[in-house]
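Results of the structural survey
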Amino acid sequence: MSLEHITVIGAGVIGLSIALALQARGLPVRVIDREGPAAGASAGNAGAFAFSEILPLASPRMIRQAPKWLIDPLGPLSVPPRYAVRIAPWMWRFWKASWPAQVQASTVAQTALMRRSKDALEPHLEHCGLTHMLRHEGQLQVYEGEAEFRAALPGWDAREAAGIPFVHLKGDEVSAYQPGLAPSFTHATFTPEWQAISDPRDYVCVMADRFRANGGEITIARAERLVAGGVETSDGVMRGRIVLAAGAHSHHLARTAGVKIPLETERGYNTTLPKGAFELKRQITFGGHGFVISKVGNGLRVGGAVELGGLDLPPNYARADAMLKKAKRFLPDLDITGGTQWMGFRPSLPDSLPAIGPLPGRPDVLCAFGHGHLGLTQSAGTAAIVADLLTGQDPGIDLTPFSPARFSRLT
């Protein structure tokens, strides 16, 4: 095993989880990031370890819903008109990934990665001293009427086949799990093994502190291009093996090595409300409206939805406002004043699976990006897999569905 430095590009939840896993195995590792720890999507997510979310975003049901959602510029799915032409090839791949055979294959792969990630989480938290930040409150998926509930049942059948526990609720059972919901929510499903972190930004920052305390170095520098034997940065060339975990910016770096990976940016919006806004028992997912309400720190976070708009367009905070107004309608006692708005970039691949493994033509570069909404959820598992690959061990999972080279077969 070489003792040359491994450079992890990205100081988000994926990159720092990987850095700590490599450090724990005695490998010399450093981290670079354009802004520093927790500067991107890792800070503004809902804080959930959503191990039950095994279904790909690309699915026949999503394709059926998409036209209705796209009509509403503030709805659960939006494509800004000026970005529509640019994203058309990605949407074509997304459509192909929604074919039943591909959905089944993606579900099997996602289930395997979720199991690996769930198994890896507790050891990771113990190693980092973060076990106290974990909440075990479950999650409530709510439905407006029986028709919406029944439309979701095939997804729950797939989760049942994967051994994921849940319980369906209706009527007064729903309000027993979460008082204060509008009466239009007549059905719900509770997933008891859903876990959450108390504050995703603090979680990543504590990991950064742990990495530094163990002798690791985090450099604020821009990774500009992959070069032979390393990466050229704004701080000079860093030699050695590379782990590419730069989130929504990863495909630009892959392109500097001549590899085109169809990664797009799901721009996520949220509003974090201060303490006392509402007595939330657990995360609530409003699947029909594409957003969630979760506990973050002492407050609440209302956020989600998908805006496929790339990295450069200005934020459209009317989307955050729209979710907040819906949240008030769904939880009439919710105090929506005094909130802080945020927008971040989720790195999304068309088949809903991350890219994990060697970059085509560059065995010295390992990819670990494209987790979409599930970066926090899959961070510990991805870190364990990358550490196994870099130490010559069996990762315990078939990585073929996650290969960065798979997209050449989808053209």
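This text follows the structure it describes.
Residues numbered from 1 in each chain as written. Predicted model: local features only at pLDDT ≥ 70, side-chain atom pairs only at ≥ 80, totals over all residues. Heavy atoms only, no water.

Glancing now at the overall build of the chain. If you tally the helices and strands in the chain, you get 11 helices and 21 strands. Structurally, the chain occupies a C-alpha span of about 60 × 45 × 40 Å along its principal axes. Classification of the 411 residues of the chain by burial places 57% in the buried group. For the chain, restricting intrachain contacts to residue pairs at least 6 apart in sequence, the fraction spanning at least 24 positions comes to 77%. For the chain, the accessible area works out to roughly 17000 Å², and carbon and sulfur atoms hold 54% of it. The average position of the 41 basic charges and that of the 37 acidic charges among the side chains of the chain differ by 5 Å. (Helix = DSSP H or I, 4+ residues; strand = E, 2+ residues; numbered from the N terminus. Buried < 20%, exposed > 50% of the residue type's maximum accessible area, 1.4 Å probe, protein only. Contact = heavy atoms within 4.5 Å. Areas by Shrake-Rupley, 256 points an atom, 1.4 Å probe, with all protein chains shown as cover. Lys, Arg positive; Asp, Glu negative; His and termini not counted. Charge placed at Lys NZ, Arg CZ, Asp CG, Glu CD.)

With their axes 8 Å apart at the nearest point, helix α1 (residues 13-24) and helix α11 (residues 379-390) run at an angle of 45 degrees to one another. In this view, α1 runs oblique relative to α11, as classed from their interaxial angle. Seen from above, α1 lies across α11 with right-handed handedness. Residues Val 13, Ile 14, Ser 17, Ile 18, Ala 21 and Leu 22 of α1 lie in contact with α11, whose contacting residues are Ser 379, Thr 382, Ala 383, Val 386, Ala 387 and Leu 390. Of the residues that constitute the contact of α1 with α11, the class distribution is nine nonpolar, three polar and no charged. (Axes fitted to C-alpha atoms, helices over the stretch in contact; angles between N-to-C directions. Parallel < 35°, antiparallel > 145°, perpendicular 65-115°, else oblique. Left-handed = near helix turned anticlockwise from the far one by under 90°. Nonpolar A, V, L, I, M, F, W, Y, C, P; charged D, E, K, R; others polar.)

This part covers a nonpolar patch on the surface. Where nonpolar side chains cluster on the molecular surface, the patch consists of Trp 92, Trp 95 and Trp 99 and spans about 370 Å² of accessible area. Position of Trp 99 relative to the elements: it lies in the loop between α4 (84-97) and α5 (100-128). (Patch = residues over 30% accessible without salt bridge, like charges linked within 9 Å, V, L, I, M, F, W, Y side chains within 5 Å. Salt bridge = Lys/Arg side-chain N within 4 Å of Asp/Glu carboxyl O.)

Tallying each qualifying case throughout the model produces one cavity of 30 Å³ or more. Space inside the largest cavity adds up to approximately 80 Å³. Lining the largest cavity, in full, are Ala 46, Arg 135, Glu 137, Gly 138, Trp 194, Gln 195, Ala 196, Gln 283, Ser 294 and Lys 295. At the level of elements, β9 (195-197) and β17 (291-296) are the ones that each hand at least two residues to the lining of the largest cavity. (1 Å grid on protein atoms, 1.4 Å probe; cavity = no way out; pocket = protein on both sides within 12 Å on 5 of 7 lines; lining within 4 Å. Points joined across faces, edges and corners; volume = space filled by probe spheres on them.)

Looking now at the layout of surface pockets. The computed volume of the second largest pocket comes to approximately 590 Å³. Forming the walls of the second largest pocket are 25 residues, and the residues nearest its centre are His 251, Lys 260, Ile 261, Pro 262 and Leu 263. Mapped by element, the contributors of at least two residues to the lining of the second largest pocket are α4, α9 (250-256) and β15 (264-273). At six residues, α4 tops the list of elements feeding residues into the lining of the second largest pocket. In the lining of the second largest pocket, the residues fall into 14 nonpolar, five polar and six charged.

Read across the sheet, six strands follow the order β10-β2-β1-β14-β21-β20 without closing on themselves; strand pairing throughout is mixed. Two strands in the sheet have a free side with no partner beyond their single neighbour: β10 (217-220) and β20 (355-359). Looking at each pair of strands side by side, their axes are set apart by 20 degrees on average, direction ignored. Bridge count for strand β14 (residues 241-244) against strand β21 (residues 362-369) is three bridges, and the pairing is parallel. Note on β21: the bridge partner recorded for Val 243 is Leu 366. (Pairing = 2+ DSSP bridges.)

Reading across from one edge, β3-β9-β5 is the order of the three strands in this open sheet, with antiparallel pairing throughout. Looking along the sheet, the strands with just one partner apiece sit at the ends: β3 (48-49) and β5 (134-135). In terms of strand pairing, β5 meets β9 through two bridges, oriented antiparallel. Across the sheet, Leu 134 pairs through a bridge with Ile 197, a residue of β9.

Moving on to the pattern of salt bridges. The final tally for this structure, using the stated rule, is 13 salt bridges. Linking Lys 281 and Glu 279 is a salt bridge whose minimum nitrogen-to-oxygen distance equals 3.1 Å. Where Asp 364 meets Arg 362, a salt bridge forms, and the shortest distance between an N and an O atom there is 2.9 Å. Judged by relative accessible area, which is 19%, Asp 364 ranks as buried. Among the ionic contacts, a cluster of salt bridges with common partners joins Arg 25, Arg 116 and Asp 388.

The next thing to look at is the nonpolar core. Counting 51 residues, the largest nonpolar core has Ile 18, Leu 22, Tyr 203 and Met 207 as the members making the most contacts within it. Of all the secondary structure elements, the ones that give two or more residues to this core are β1 (6-9), α1, β2 (29-33), β3, α5, α8 (200-213), β21 and α11. If one sorts the elements of this core by residue count, α1 sits on top with eight residues. Excluding residues within four positions of it along the chain, Met 207 makes contact with Val 13, Leu 16, Ser 17, Leu 20, His 124, Cys 128 and Leu 130. The next biggest cluster of nonpolar side chains, apart from the first, holds 29 residues, and it includes Val 174, Leu 181, Val 302 and Met 343. (Core = buried A, V, L, I, M, F, W, Y, C linked by side-chain atoms within 4.5 Å.)

Evaluation of the coordinates by the stated rule reveals zero disulfides. Unpaired in this structure, Cys 205 has its nearest cysteine sulfur neighbour in Cys 128, at a distance of 13 Å. (Disulfide = S-S within 2.5 Å.)

Moving on, we get to the environment of Gly 180. Here Gly 180 shows up in the loop between α7 (172-177) and β8 (187-191). Note on Gly 180: relative accessible area 32%, which makes it partly exposed. With near-sequence residues (within four places) excluded, Gly 180 lies in contact with Phe 278, Phe 330, Leu 331 and Pro 332.

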